[in-house]
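Listed here are the chains, written in short residue letters.
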Amino acid sequence: QVQLVESGGGLVQAGGSLRLSCVASGRSFSNYGMGWFRQAPGKEREFVAAIRWSGADTYYGDPVKGRFTISRDNAKNTVYLQMNSLKPEDTAVYYCAADLGGYYGNNQLMYHYWGPGTQVTVSS
């Protein structure tokens with residue numbers, strides 16, 4: 001069983017920055033593919049970013065390209081999402097997800113475990 005816990009959400013003005021963290025339990029974190037997704041009120045959950053087990057490869061959704069950066073520290077069992085130039089449309093609950101088989105794409109169905117989410121609110 002893997003547990004994921006996100007933190008770092010909050011209220012920020014448009015143009016500001018936040019860094020989300022997701023800490024994972026489990027001894028094999030360095031083998032996991034990790035992803036970030038978000039869900040705004042009344043909308044479907046959408047892909048934000050994903051990272052390969054080694055950290056060598058990353059993948060981003062179009063709305064966040066050039067503004068968000070995903071990274072990981074396998075020694076700390078943690079994946080990060082640095083969010084810059086935030087916009088009101090980035091307001092959502094942000095979730096991290098883990099795939100034990102190493103998948104790191106945009107298909108939500110491939111991820112085995114999910115965190116409870118952290119709220120990000122961007123004011124205009």
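The structure displayed is predicted, hence computed values, not measured ones.

Procedures and definitions
- Residues numbered from 1 in each chain as written.
- Predicted model: local features only at pLDDT ≥ 70, side-chain atom pairs only at ≥ 80, totals over all residues.
- Heavy atoms only, no water.
- Phe/Tyr/Trp six-rings, centres within 6.5 Å; stacked < 30°, edge-to-face > 60°.
- Buried < 20%, exposed > 50% of the residue type's maximum accessible area, 1.4 Å probe, protein only.
- Helix = DSSP H or I, 4+ residues; strand = E, 2+ residues; numbered from the N terminus.
- Core = buried A, V, L, I, M, F, W, Y, C linked by side-chain atoms within 4.5 Å.

To continue, consider the packing of aromatic side chains. According to the stated counting rule, one finds seven aromatic pairs in the structure shown. Seen in terms of ring centroids, F29 and Y32 are 5.8 Å apart; in terms of plane orientation they differ by 75 degrees. Their pairing is edge-to-face. Here F29 and Y32 have matching classes, each one buried. Ring centres 5.6 Å apart and planes at 70 degrees place the aromatic pair F37 and F47 in the edge-to-face group. Note that F37 is positioned in strand β4 (residues 33–39) and F47 in strand β5 (residues 46–51), a separation of ten residues in sequence. Here F37 matches F47 in class, with each residue buried.

With 30 residues, the main nonpolar core has L4, M34, W36, L81, M83 and Y94 as its most contacted residues. Core analysis: the second largest hydrophobic core is formed by five residues, F37, F47, A50 and A97 among them.

Not every positive phi belongs to a glycine, and N77 is a case in point at roughly 55 degrees. Tracing the backbone through its elements, the reader meets N77 in the loop between β7 (68–73) and β8 (78–83). By relative accessible area, N77 is classed as buried at 19%. One non-glycine residue, S85, lies in the positive phi region at around 50 degrees. Looking at where S85 falls in the secondary structure, it is placed in the loop between β8 and β9 (92–99). Residue classification places S85 among the partly exposed positions, given a relative accessible area of 41%.

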